[in-house]
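Observations on chain architecture
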Amino acid sequence: MPCRCVPAVDISIYRAAASKEGDQVQAYFKRRGVAFEDFEVSSDPIAFAQMRKLSDQTEKPVVVINDRVLVGFVPDQFDLLVPSLFD
């Protein structure tokens, strides 16, 4: 499968340490070799406040892809926003 150049994507994940959905989000991007910044909100009050400001909620993981805010594990949306390295 030929590799092609893709634009850079800025991804931030805000999640609780014991969150199954948060683990799924991380695994999704790791499997695809996509870099992301991870914020563990259970132990970081600043990250928790940022997550709440971005999404107005506190339970599900929040994923920010460039400027788009997504709540929860939504792989169909991730697929649309994160370009593939392969054709």
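Located above this text is the structure these notes cover.
So, here is what we can say about the structure in this document. (Residues numbered from 1 in each chain as written. Predicted model: local features only at pLDDT ≥ 70, side-chain atom pairs only at ≥ 80, totals over all residues. Heavy atoms only, no water.)

1. Observations regarding the packing of aromatic side chains
Geometrically, a pair of aromatic rings is defined through the distance of the ring centres and the angle of the planes. For the structure on display, the rule yields seven aromatic pairs. Aromatic pair Phe29 and Phe36: ring centres 6.3 Å apart, planes at 50°, arrangement tilted. Assessed through its relative accessible area of 0%, Phe29 is described here as buried. For Phe36, a relative accessible area of 22% puts it in the partly exposed group. Through a chain of ring-to-ring contacts, the aromatic side chains of Tyr28, Phe29, Phe36, Phe73 and Phe78 assemble into a single cluster. (Phe/Tyr/Trp six-rings, centres within 6.5 Å; stacked < 30°, edge-to-face > 60°. Buried < 20%, exposed > 50% of the residue type's maximum accessible area, 1.4 Å probe, protein only.)

2. Points about the nonpolar core
Of all hydrophobic cores here, the largest spans 11 residues; its members are Ile11, Ile13, Val25, Tyr28, Phe29, Val34, Val63, Ile65, Leu70, Phe78 and Val82. Elements with a minimum of two residues in this core: β1 (11-15), α1 (20-31) and β3 (62-65). When residues of this core are assigned to their parent elements, the largest contribution, three residues, is made by α1. Apart from residues lying up to four places away in sequence, Val63 is in contact with Ile11, Ser12, Val25, Phe29, Arg68, Val69, Leu70, Gly72 and Phe78. Of all hydrophobic cores here, the second largest spans six residues; its members include Val41, Ala47, Val62 and Val64. (Core = buried A, V, L, I, M, F, W, Y, C linked by side-chain atoms within 4.5 Å. Helix = DSSP H or I, 4+ residues; strand = E, 2+ residues; numbered from the N terminus. Contact = heavy atoms within 4.5 Å.)

3. Comments concerning the pattern of salt bridges
Within the structure shown, the criterion is met by two salt bridges. The shortest N-O distance in the salt bridge between Asp38 and Arg15 comes to 2.9 Å. With a gap of 23 residues between them, Asp38 in strand β2 (residues 37-40) and Arg15 in strand β1 connect regions that are remote in the sequence. Glu21 is the salt-bridge partner of Lys60, the closest N and O atoms lying 3.8 Å from each other. Of this pair, Lys60 sits in the loop between α2 (45-55) and β3 while Glu21 is found in helix α1, placing the two residues 39 residues apart along the sequence. For Lys60, a relative accessible area of 42% corresponds to the partly exposed category. With relative accessibility at 23%, the residue Glu21 sits in the partly exposed group. (Salt bridge = Lys/Arg side-chain N within 4 Å of Asp/Glu carboxyl O.)

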